[in-house]
Amino acid sequence: MAGEETLFCAFHPGTPTALRCNRCGRPICIRCAVQTPVGYRCRACVAGQQAVFFNARPLDYGLAALVATAIGLLAAPIVAALGFWVIFIGPLVGSLAAEIVHRLIGRRRGRWIWLVVSGGLVAGLAPFRLPLLLAFPLFLPRLLWDGIYLAMAISTVIGYLRFWR
Ligand SMILES: [Zn+2]
Ligand SMILES: [Zn+2]
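Because the structure is predicted, anything quoted here is derived from the model rather than measured. (Residues numbered from 1 in each chain as written. Chains lettered and ligands numbered in written order. Predicted model: local features only at pLDDT ≥ 70, side-chain atom pairs only at ≥ 80, totals over all residues. Heavy atoms only, no water.)

J.: Got a minute to help me understand a nonpolar patch on the surface in this structure?
T.: A contiguous nonpolar surface patch, about 330 Å² in accessible area, is contributed by Leu-63, Leu-96, Ile-100 and Leu-104. If one sorts the elements of the nonpolar patch by residue count, helix H3 (residues 86-104) sits on top with three residues. On the secondary structure map, Ile-100 appears in helix H3. Accessibility expressed as a relative area gives 34% for Ile-100, which makes it partly exposed. (Patch = residues over 30% accessible without salt bridge, like charges linked within 9 Å, V, L, I, M, F, W, Y side chains within 5 Å. Areas by Shrake-Rupley, 256 points an atom, 1.4 Å probe, with all protein chains shown as cover. Salt bridge = Lys/Arg side-chain N within 4 Å of Asp/Glu carboxyl O. Helix = DSSP H or I, 4+ residues; strand = E, 2+ residues; numbered from the N terminus. Buried < 20%, exposed > 50% of the residue type's maximum accessible area, 1.4 Å probe, protein only.)

This is the structure:
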């Protein structure tokens, strides 16, 4: 280390420290330092990077919701007819919805896009299933397959849209 000058944290002026953010060079104390794969950074730099990483626009969320709901609506009658085979349709619908949304929004990334797409798939199923819920115990097996379909579709959506490749 060059120089033995005492640094004080840029965010806690009373706290001496030897660390500096390796991006902006601000002195930071251990409470402010965030360990990243490239070394210690201050929270401001980490937050700034995330803002750049997630670049989806508000309109993208609206588009994602619309498209996912439309796909959910299209899939609903198929799911209703299938029973056991939903275990194949679930991932298919999930990857279809994720891929189409991903392309339509110009491959921009949104922190909550996966949630909006999942919500759209649930919403697409709702008009077909809400009447069933009223006759609850009778249609329990039907709802079970719906649940499996949604779980598989949503986990596929999360795999696509949440953990970026
Ligand atoms: Zn910094
Ligand atoms: Zn600090």
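J.: Looking at this structure, how should I read the packing of helix H2 (residues 58-82) against helix H5 (residues 140-161)?
T.: When two helices pack together, their arrangement is captured by the angle between the axes and the distance separating the axes. One way to put it is that H2 packs onto H5 with a least axis distance of 10 Å and a crossing angle of 130°. In this view, H2 runs oblique relative to H5, as classed from their interaxial angle. Both H2 and H5 take part in a crossing whose hand is right-handed. Side by side, H2 and H5 meet where Ala-75, Val-79 and Ala-80 of the first sit next to Arg-142, Asp-146 and Tyr-149 of the second. By residue class, the composition of the contact of H2 with H5 is four nonpolar, no polar and two charged. (Axes fitted to C-alpha atoms, helices over the stretch in contact; angles between N-to-C directions. Parallel < 35°, antiparallel > 145°, perpendicular 65-115°, else oblique. Left-handed = near helix turned anticlockwise from the far one by under 90°. Contact = heavy atoms within 4.5 Å. Nonpolar A, V, L, I, M, F, W, Y, C, P; charged D, E, K, R; others polar.)

J.: What is the right way to look at the domain arrangement of the chain in this model?
T.: Many descriptions give the size of an interface as the accessible area lost when the pieces come together. Domain boundaries in the chain define domain 1 (7-53) and domain 2 (58-161). Each of domain 1 and domain 2 has a C-alpha centre, and these two points are 41 Å apart. (Domains from an automatic or database assignment.)

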